[in-house]
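Chains, contacts and geometry: an overview
Residue-level listing of the chains:
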Amino acid sequence: MADSLHISAGEYTGDLPISEGTIRATGLSAVPTDRGPLTSYDPGFVNTAACRSAITYIDGEAGILEHRGYPIEELAEHSTFLEVAHLLIKGELPTGPELEEWNYQANRHRLVHENVYEIIQAFRYDAHPMAKLMASVASLMTFYPSSRRISDPATRELNAFRLLGKMPTLAAAAFRHSIGRHFVYPSDELGYVENFLAMLFQSQQRVWRADPRLVRALEVLFILHADHEQNCSTTAVRTVASSGNDLYTSCGAGIGALFGPLHGGANEAVLKMLREIGSLDRVPEFIEGVKNGKGRLMGFGHRVYKNYDPRAKVLKKAADDVFEVRGTNPLLDIAVELEKIALNDEYFVSRKLYPNVDFYSGLIYEALSFPSEMFTVLFAVPRTAGWIAHWQEQLTDPDQRIIRPKQIYTGHERRPYVPLDQR
Ligand code: CMC
């Protein structure tokens, strides 16, 4: 017989069913709201499942990450980013012809309307590229007003291709604007990741080709960042989607959520932290400071992983490949020392704080010649695949309603208005 949770609160007593799945969850929405208010108080939603999802499975204790059942390690070794995007969005790995069509469609939509470049141009030269990305992605809705027809599957798919295709173009344009260079148009001759690098770094060459080892390293980084179930930005996308929004508006919100230093902004913060530490001999002092409440060890800790983040392990290998081509970075030695000390320190061990995906990614991005402001942008481009998958799942899930949590009001009791001259 299925378990149930017996509750007794005020006048209400009842048994709430506990549904079985990867986590055991009880549906508090089963409590009739007319039987006296009973709700859960769960800031940060640490113990709340907001949806059912078939996209990504994480076992944080064991350090497992799987997309549609496939382990992240195998995808990172054998797959491509666009293939993983197909897996996330369509639910299965594509056959050969399906993959060809999928790649064609995603790459076919890489061009953006010229006015989008003007939107980016309108920013100050030193504007953060995430702000330019957020604004330009949100603006796409105005170029494709039919994207608001979210109940039509064909419209949803067309706009999914558009966004998947345009993200690298917009990200590259945000970067080129900040260095005062002309925008580079996408090229049919280059694949998704290599074309992105060309749009970023092409200078006076007619054709710009990257070292294939660096292209593969970025492809692996893209695969590792493609989805991570109900993280902050995906939750933002789902929340905005729940009021009936198009993909561009929803993902614009996701980009905003990702920008924060506790989420996607952490890779930028790691590099800043490593620079501030500056030398190996200052590492113990820095660790002591963190333990005494002076900031956090950025790139460490995770809401879900209470073990080594499986993506961080794959990243270490990608870092080796990139450093082989580009030469090593002295900040890497500081990162390795921080990791060594933290993994053996009672403060971090007892709180199960391990390196997360952001601990090494910033060092790799720097070795690939990206300025640190671009790091979160490099997270946003591949995470778009996950956002699209979740946006679609949210819109087609019959259980879902507009997301509108409750609050526990802690303010004043009702009181009369006080005229200005009496305050
Ligand atoms: N350095 C030092 N102490 C930490 C850290 C850290 N990086 N992370 C957590 N703690 C401590 C925290 O102070 C608390 O200690 P106490 O119990 O004594 O109050 C305990 O560990 C639990 O922390 P929490 O803030 O309640 O945990 P959370 O699940 O709410 O936060 C986190 C998760 C990722 C926001 C947090 O670990 C953090 O701020 N890490 C640094 C930022 C970072 O690397 N973010 C990237 C996350 S992975 C990629 C992504 O999601 O974008």
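Everything that follows concerns the structure shown earlier in this document.
Bear in mind the structure is a predicted one, so any value in this text is a computation, not a measurement. (Residues numbered from 1 in each chain as written. Predicted model: local features only at pLDDT ≥ 70, side-chain atom pairs only at ≥ 80, totals over all residues. Heavy atoms only, no water.)

1. Points about the pairing of strand 5 (residues 64-67)
Put simply, the test is: Burial classification: accessible surface area is computed with a 1.4 Å probe over protein chains only, and a residue below 20% of its type maximum counts as buried, one above 50% as exposed, and the rest as partly exposed. A run of H or I in DSSP counts as a helix once it spans at least four residues, and a run of E counts as a strand once it spans at least two, with each numbered from the N terminus. Strands are labelled as partners when DSSP assigns at least two bridges between them.
Only one face of strand 5 is buried: it carries Leu65 and His67, and the other face, with Ile64 and Glu66, is open. Of the strand pairs in this sheet, strand 4 (residues 56-59) and strand 5 are connected by 4 bridges, and their pairing is antiparallel. Across the sheet, Thr56 pairs through a bridge with His67, a residue of strand 5. Pairing of strand 5 with strand 6 (residues 70-71) involves 2 bridges; the strand directions are antiparallel. Residue pairing in the sheet places His67 in a bridge with Tyr70 of strand 6.

2. A word on the nonpolar core
Applied cut-off: The set of buried Ala, Val, Leu, Ile, Met, Phe, Trp, Tyr and Cys residues whose side-chain atoms join them within 4.5 Å is what this entry labels a nonpolar core. Residue contacts follow a heavy-atom distance rule, with two residues in contact if any of their heavy atoms lie within 4.5 Å.
By size, the foremost hydrophobic cluster in this structure holds 115 residues, and its most contacted members are Leu133, Leu164, Leu274, Leu338 and Phe370. When residues of this core are assigned to their parent elements, the largest contribution, 11 residues, is made by helix 17 (residues 375-396). Excluding residues within four positions of it along the chain, Leu164 makes contact with Leu82, Ala85, Ile89, Trp102, Ala106, Tyr192, Ala385 and Ile388.

3. Concerning the layout of surface pockets
What counts is decided by this rule: Cavity means a closed set of points on a 1 Å grid over the protein atoms alone, one where a 1.4 Å probe fits but cannot get out, pocket means an open set with protein on both sides within 12 Å along at least 5 of 7 lines, and lining means a residue has an atom within 4 Å of a point. Grid points are joined across faces, edges and corners, and a volume is the space filled by probe spheres set on the points. Throughout, the ten residues Ala, Val, Leu, Ile, Met, Phe, Trp, Tyr, Cys and Pro are labelled nonpolar, Asp, Glu, Lys and Arg are labelled charged, and all others, Gly among them, are labelled polar.
Roughly 260 Å³ of volume is contained in the second largest pocket. Along the walls of the second largest pocket sit Glu73, Ala76, Glu77, Arg213, Arg216, Ala217, Val220, Val314, Lys317, Ala318 and Asp321, which together make up its complete lining. Counting residues per element, the ones that place at least two in the lining of the second largest pocket are helix 1 (72-78), helix 8 (212-225) and helix 13 (310-326). When grouped by side-chain class, the residues that make up the lining of the second largest pocket number 5 nonpolar, no polar and 6 charged.

4. Observations regarding unusual backbone geometry
Peptide bonds are, in most cases, trans, and in most cases residues other than glycine have a negative phi. Even without being a glycine, Phe45 presents a positive backbone phi close to 50 degrees. Tracing the chain through its elements places Phe45 in the loop between strand 3 (25-26) and strand 4. For Glu229, which is not glycine, the phi torsion reads 40 degrees and is therefore positive. Relative to the assigned elements, Glu229 resides in the loop between helix 8 and helix 9 (232-242).

5. Re the site of the ligand
Filter applied, for reference: For this description, a residue counts as near a given molecule or strand if any of its non-hydrogen atoms is within 4 Å of it. Two N or O atoms count as a polar contact when they lie within 3.5 Å, although within protein this holds only if one can serve as hydrogen donor and the other as acceptor, and sequence-adjacent residues are included solely when both atoms are side-chain atoms. Residue burial considers only the protein chains on display, and all accessible areas are found by Shrake-Rupley using a 1.4 Å probe.
Close to the ligand lie 20 residues; His263, Arg296, Leu297, Gly299 and Arg303 are nearest. Contact distances for the ligand include 2.8 Å between an oxygen atom and a side-chain N or O atom of Arg303. The side chain of Asn356 places a nitrogen or oxygen atom 2.9 Å from an oxygen atom of the ligand. Contact with the protein chains hides 72% of the accessible area of the ligand, taken as 920 Å² for the molecule alone.

6. Topic: the environment of Pro261
Structurally, Pro261 can be placed in the loop between helix 10 (247-259) and helix 11 (266-277). Expressed as a C-alpha distance, the spacing of Pro261 and Ala50, which sit 211 residues apart in the sequence, is 23 Å. Beyond its immediate sequence surroundings of up to four residues, Pro261 is in contact with Ala266 and Met298.

7. Brief notes about the sheet that holds strand 1 (residues 4-9)
Spatially, 1-2-3 is the arrangement adopted by the 3 strands of the open sheet, whose pairing is antiparallel. Taken across any chain shown, the strands that pair with only one partner, and hence form the sheet edges, are strand 1 and strand 3. Pairing between strand 1 and strand 2 (residues 12-19): 6 bridges, direction antiparallel. Across the sheet, the residue bridging to Ala9 is Tyr12, located in strand 2.

8. A few points about the packing of aromatic side chains
Defined as follows: Ring pairs are drawn from Phe, Tyr and Trp, using the six-membered ring of Trp, whenever the two centres fall within 6.5 Å, and their geometry is named by plane angle: stacked under 30 degrees, edge-to-face over 60, tilted for the rest.
Under the criterion given, the structure shown has 16 aromatic pairs. Between Tyr117 and Tyr185, the aromatic rings sit 6.0 Å apart at their centres with planes inclined by 75 degrees, giving edge-to-face as the arrangement. Placement of the pair is Tyr117 in helix 4 (residues 114-121) and Tyr185 in the loop between helix 6 (153-178) and helix 7 (192-201), with a sequence separation of 68 residues. With relative accessibility at 5%, the residue Tyr117 sits in the buried group. The exposure class of Tyr185 is partly exposed, given its relative accessible area of 44%. Taking 5.8 Å as the distance between ring centres and 75 degrees as the angle between the ring planes, the aromatic pair formed by Phe175 and Phe201 counts as edge-to-face. Of this pair, Phe175 sits in helix 6 while Phe201 sits in helix 7, placing them 26 residues apart in sequence. Given a relative accessible area of 18%, Phe201 falls into the buried group. By the ring-pair criterion, three or more aromatic residues cluster together here, those being Phe175, Phe201, Trp208, Tyr365, Phe370 and Phe375.

9. Description of the packing of helix 8 against helix 16 (residues 358-367)
Formally: In this analysis, axes come from line fits to C-alpha atoms, helices being fitted only over the stretch in contact, and the angle between any two N-to-C directions falls in the range 0 to 180 degrees. Angles are sorted into four bins: roughly parallel if under 35 degrees, roughly antiparallel if over 145, roughly perpendicular if 65 to 115, and oblique for all others. When the near helix sits turned anticlockwise from the far one by under a right angle, the crossing is termed left-handed; a clockwise turn instead gives a right-handed crossing.
Contact geometry for helix 8 and helix 16: axes closest at 11 Å, N-to-C directions at 150 degrees. Between helix 8 and helix 16, the interaxial angle falls into the category roughly antiparallel. The hand of the helix 8/helix 16 crossing is left-handed. From helix 8, Leu218, Leu221 and His225 reach across to helix 16, where they touch Ser361, Ile364 and Tyr365. Across the contact of helix 8 with helix 16, the residue classes break down as 4 nonpolar, 2 polar and no charged.

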